[in-house]
Amino acid sequence: MTPYFAILRARFAAVLQYRAAAFAGFGTQLAFGLVLIYVYEAFYRSSRGPQPMALGEVVTYIWLGQALLSLLPWDTEPDVRALIRDGGVAYELLRPVDLYALWYVRTVAWRLARAALRSTPLVIVAMVFFQMRPPASLAAGLAWAAATAGAVALACAMTSLYHVSMLWTVAGEGVTTISATLVLFLSGMMIPLPLLPAWVQRITAALPFRGLVDLPFRLYIGSIPTERLAGILLEQAGWTLAFVALGRWLLNRGLRRVAVQGG
């Protein structure tokens, strides 16, 4: 595990240097979060019927989403993408490490570092000025932290699958465009899943995406009791193992036919 930990630490430190990009992302996500909240406030004020989530819960849900947006598997790690495109993957094959594990830990470091730079200031500002609530209880906060770790593992397994798919494509934009649409909608990032029609919720319950956003966030706000944490972690772990198995299988097939072009 020593080489993988070293790669994780080095990549994490490298991404932390991009503070200007993190500041720009903080401003963008703050503005986008405010727009979403104003939209939901308008809907709630115009509605007379009971709602599955209180407005305060929705506000907190939205701020969590904006703070942790970088953890979602809606894009690919730029260095891995560049290695595949320019033939640098040939040098990766010479390293005395497992290629899939190498790409996976690089992705983990990239996602965690980007989220760390943006999430802390955004959460502070949202809690002080924009009505974001703390966890419903200490147990809810701990459950959310555990489920978020599971979400990171799942997100990086999905991202690694995107990387492997690029062995068959000239560019990865098609895969990331489709995945971004699915992830942002079906995870609850755009619309909290409890606000969707019942038939849509039944579909999302059978898919892996709710483990990225909806389940951890609802543990945080207390909408899901902490007693369900074990089941949520098992669901996340099951999907993570499935994506890892699929990614490894495709990578082994892809490396049998990979051709490095250029010089």
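Residues numbered from 1 in each chain as written. Predicted model: local features only at pLDDT ≥ 70, side-chain atom pairs only at ≥ 80, totals over all residues. Heavy atoms only, no water.

What follows covers the overall build of the chain. Along the chain, the regular secondary structure elements total 11 helices and 0 strands. In sequence order, the secondary structure elements of the chain are arranged as α-α-α-α-α-α-α-α-α-α-α. A globule of 263 residues ought to have a C-alpha radius of gyration of about 18 Å, and the chain, at 19 Å, matches this closely. By principal-axis analysis of the C-alpha atoms, the chain measures approximately 65 × 40 × 35 Å. Split by element, the accessible area of the chain, about 13100 Å² in all, is 67% carbon and sulfur. (Helix = DSSP H or I, 4+ residues; strand = E, 2+ residues; numbered from the N terminus. Rg over C-alpha atoms; globule rule 2.2 N^0.38 Å. Areas by Shrake-Rupley, 256 points an atom, 1.4 Å probe, with all protein chains shown as cover.)

Attention now moves to the packing of helix H3 (residues 55-67) against helix H10 (residues 214-221). Interaxial distance between H3 and H10 falls to 10 Å at its minimum, and their mutual angle equals 130°. Taken together, the axes of H3 and H10 are oblique relative to one another. Here H3 and H10 pass one another in a crossing that is right-handed. Counted together, Glu-57, Thr-60, Tyr-61, Leu-64 and Gly-65 of H3 and Asp-214, Phe-217, Arg-218, Tyr-220 and Ile-221 of H10 form the full contact between these two elements. (Axes fitted to C-alpha atoms, helices over the stretch in contact; angles between N-to-C directions. Parallel < 35°, antiparallel > 145°, perpendicular 65-115°, else oblique. Left-handed = near helix turned anticlockwise from the far one by under 90°. Contact = heavy atoms within 4.5 Å.)

Right, let's get into a nonpolar patch on the surface. On the surface, Ile-124, Met-127, Val-128 and Phe-129 cluster together to form a nonpolar patch covering roughly 420 Å² of accessible area. Examined against the element boundaries, Ile-124 turns out to sit in helix H6 (residues 99-129). (Patch = residues over 30% accessible without salt bridge, like charges linked within 9 Å, V, L, I, M, F, W, Y side chains within 5 Å. Salt bridge = Lys/Arg side-chain N within 4 Å of Asp/Glu carboxyl O.)

Side chains bearing opposite charge may pair, as long as their charged atoms lie close to each other. A complete count under the given rule lists 3 salt bridges for this structure. A salt bridge links Arg-210 to Glu-235, with the nearest nitrogen and oxygen atoms 3.0 Å apart. Within this pair, whereas Arg-210 is found in the loop between helix H9 (198-205) and H10, its partner Glu-235 is found in helix H11 (residues 229-255), the two being separated by 25 residues in sequence. Here Arg-218 makes a salt bridge to Asp-214, at a shortest N to O gap of 2.9 Å. Here Arg-218 and its partner Asp-214 are both found in helix H10, 4 residues apart, which amounts to about one turn of the helix. Judged by its relative accessible area of 2%, Asp-214 falls in the buried class. (Buried < 20%, exposed > 50% of the residue type's maximum accessible area, 1.4 Å probe, protein only.)

Turning next to unusual backbone geometry. Positive phi, close to 65°, is recorded for Gln-131, a residue that is not glycine. As for its placement among the helices and strands, Gln-131 is situated in the loop between H6 and helix H7 (138-165). A residue is classified by how much of its surface remains accessible, and Gln-131, at 56% relative accessible area, is exposed.

This brings us to the packing of aromatic side chains. Applying the stated criterion across every chain yields a total of 6 aromatic pairs. Between Tyr-61 and Phe-217, the ring centres sit 5.4 Å apart and the planes meet at 85°, which makes this aromatic pair edge-to-face. Placement of Tyr-61 in helix H3 and of Phe-217 in helix H10 is noted, with a sequence separation of 156 residues between them. Tyr-61 gets classed as buried once you look at its relative accessible area, which sits at 2%. Consider the rings of Trp-144 and Tyr-220, whose centres lie 5.4 Å apart with planes at 75°: the pair is edge-to-face. On the criterion of sequence distance, the pair formed by Trp-144 in helix H7 and Tyr-220 in helix H10 is long-range, its members being 76 residues apart. An aromatic cluster is built from Trp-63, Phe-129 and Phe-130, whose rings are joined through pairwise contacts. (Phe/Tyr/Trp six-rings, centres within 6.5 Å; stacked < 30°, edge-to-face > 60°.)

On to the nonpolar core, then. Residues Trp-63, Trp-103, Met-158 and Leu-212 are the most contacted members of the largest nonpolar core, which totals 55 residues. Counting only elements with at least two residues in this core, the list comes to helix H2 (19-46), H3, helix H4 (78-86), H6, H7, helix H8 (173-186), H10 and H11. Beyond its immediate stretch of four places on either side in the chain, Trp-63 contacts Gln-29, Leu-30, Gly-33, Leu-34, Ile-37, Leu-122, Ala-126, Phe-130 and Met-132. Listed in part, the 7 residues of the second largest apolar core include Ala-147, Leu-219, Leu-229 and Ile-232. (Core = buried A, V, L, I, M, F, W, Y, C linked by side-chain atoms within 4.5 Å.)

By themselves, these observations are geometric and do not establish any function.
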